[in-house]
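Now for the letters of each chain:
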Amino acid sequence: MRVLIVEDEVSLAQALVRLLQEEHFQVDMAVDGEEGLLLATTVPYDAIVLDWMLPSMSGIQIVQQIRERSITTPILMLTAKDSVENRVEGLNAGADDYLVKPFATEELIARVRALSRRPSDFVPDQSLTFDDLYFDLITRTVKLHDQENILSPKEAQILEMLIRHAGQVLTRQQMMDAVWGYEADVLEGVLDTYVHHLRKRLAALQGPIIHTIRGVGYTLRGSHS
Ligand code: CA
């Protein structure tokens, strides 16, 4: 079971990560709204714990955007607001459950467990396209014109993330969190090495180009742009 925590109070977020890990969940963490949305729309989670008040995007906006993309991952919202209107607003936006701060940790675990058991109809895409490139996510094959190339699992995850967020700049940290998990102790050089290999494979097909944004991360652009 893989769970995403989106909470800007870092000490609370870290406490929740540890707590859920003790319950044998695999846990990723985001401390701002945009990063939370990026992970929620990239990684197939079994449940998302989402704070209401966040910098850069509110929890409600995140729920709406997740649901607009037809992602049905169960969402538990955390909030200090305990009025009926707020509760209704959260549920109307597409949240599945609601927990008012402060809450007992046992309560949170019980709710997350219940939500993550729910059969999720997060049906991952079977394929993606970008410009003329066809990417079969099941076989990890990239095809362009008559040529094809099979990617390694990590290369495939990196390319999937780049295509889904094409034109946006992804930071190295966002990419490492999504590909290796928040807890993993991966050096940036490892990501760079995978990107280097992926770039060569795409170049062999004369496909899209992964641009380095110095000091930040990477972005995918078409070979003609
Ligand atoms: Ca908050």
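Numbering of residues starts from 1 in each chain and follows the order in which that chain's sequence is written. Reporting of local features is limited, given that this is a predicted model, to residues whose pLDDT is at least 70; pairs of side-chain atoms are given and counted only at 80 or more, and all residues count toward the totals for whole chains, interfaces and linings. Excluding hydrogens and water, the side-chain figures rest on all heavy atoms present in the structure.

**Overview of the nonpolar core**
Buried residues of nine kinds, namely Ala, Val, Leu, Ile, Met, Phe, Trp, Tyr and Cys, make up a nonpolar core once their side-chain atoms join them within 4.5 Å. Under the scheme applied here, a residue whose accessible area is under 20% of the maximum for its type counts as buried, over 50% as exposed, and between as partly exposed, the area being computed with a 1.4 Å probe on protein chains only. Counting residues in each nonpolar core, the largest one holds 52 residues, and the members touching the most others are Ile-48, Leu-50, Phe-135 and Leu-159. As annotated, the domain borders come from an automatic or database domain assignment. Two domains each put at least three residues into this core: domain 1 (2-116) and domain 2 (127-221). Here, two residues are considered to be in contact whenever any of their heavy atoms come within 4.5 Å of each other. Not counting chain neighbours up to four residues away, the residues in contact with Ile-48 comprise Leu-4, Val-6, Ala-40, Ile-66, Thr-73, Pro-74, Ile-75 and Leu-76.

**Let's talk about the domain arrangement of the protein chain**
According to the domain assignment, the protein chain consists of domain 1 (2-116) and domain 2 (127-221). For domain 1 versus domain 2, the distance between C-alpha centres works out to 27 Å. With twelve residues of domain 1 in contact, the opposing surface of domain 2 contributes twelve residues. In total, about 980 Å² of surface goes out of reach between domain 1 and domain 2, with carbon and sulfur atoms giving 58% of it. Per-residue buried area on domain 1 facing domain 2 is highest for Met-29, Leu-38 and Thr-42; these three make up 45% of the total on that side. In protein, a polar contact means a hydrogen-donor-capable atom and an acceptor-capable atom, both N or O and within 3.5 Å, with residues adjacent in sequence counting only if both atoms are side-chain atoms; elsewhere, any N or O pair within 3.5 Å suffices. Joining domain 1 to domain 2, the criterion identifies one residue pair in polar contact (both at pLDDT 80 or more). What gets called buried area is simply the loss in accessible area from a 1.4 Å probe that two parts show on being joined, summed for both.

**Some thoughts on helix H5 (residues 105-117)**
Counting from the N terminus, the helices are the DSSP runs of H or I reaching at least four residues and the strands are the DSSP runs of E reaching at least two. What a helix is expected to span follows from its residue count: subtract one and scale by 1.5 Å. Along its 13 residues, H5 runs 18 Å from first to last C-alpha, staying within 8% of the 18 Å computed at 1.5 Å per residue. Every buried residue of H5 is listed here: Leu-108, Ile-109, Val-112, Leu-115 and Ser-116. One face of H5 carries all of its buried residues, which in axial projection span an arc of 135 degrees. Opposite its buried face, H5 presents the exposed residues Glu-106 and Arg-117, each directed more than 90 degrees away. Buried positions along H5 lie against strand E1 (2-6), helix H1 (10-22), strand E3 (47-51), strand E4 (75-79) and strand E5 (97-100). It is the directions from the helix axis to the C-beta atoms whose arc is reported.

**A few points about the pairing of strand E9 (residues 147-150)**
For two strands to be treated as a pair, DSSP must find no fewer than two bridges joining them. Examined bridge by bridge, strand E8 (residues 141-144) and E9 share four bridges and lie antiparallel to one another. Its bridge partner being in E9, Val-142 is matched across the sheet by Asn-149. What sits between E8 and E9 in their antiparallel hairpin is a turn of two residues, with His-145 showing a positive phi close to 50 degrees.

**So, the sheet that holds strand E6 (residues 127-130)**
The strand order across the open sheet built from four strands is E6-E7-E8-E9, with neighbouring strands paired in antiparallel fashion. Looking at strand neighbours, the two that pair on one side only are E6 and E9, the edges of this open sheet. Along the sheet, successive strands turn relative to each other by an average axial angle of 20 degrees, direction set aside. Here E6 runs beside strand E7 (residues 133-136); their pairing, made up of four bridges, is antiparallel. Bridged to Thr-129 within E7 is Tyr-134. Helix H6 (residues 153-164) contacts E6, E7 and E8 of the sheet and is inclined by roughly 130 degrees relative to E7. For helices, the fitted axis covers only the stretch in contact; all axes are lines through C-alpha atoms, and the angles between them, taken along N-to-C directions, range from 0 to 180 degrees.

**Observations concerning the coordination of the calcium ion**
Think of the donor list as every N, O and S atom within 2.8 Å of the metal, or within 3.2 Å for Na, K and Ca; water never makes the list, so a site can look incomplete. Every protein donor of the calcium ion is accounted for by Asp-8 (OD), Asp-51 (OD) and Met-53 (O), and the metal-donor separations fall at 2.1 to 2.3 Å. Counting residues between consecutive donors of the calcium ion along the chain gives the motif D-x42-D-x1-M. One end of the pair, Asp-8, is in the loop between E1 and H1; the other, Met-53, is in the loop between E3 and helix H3 (59-68), and 45 residues separate them in sequence. Residue class for Asp-8 comes out partly exposed when judged on its relative accessible area of 31%.

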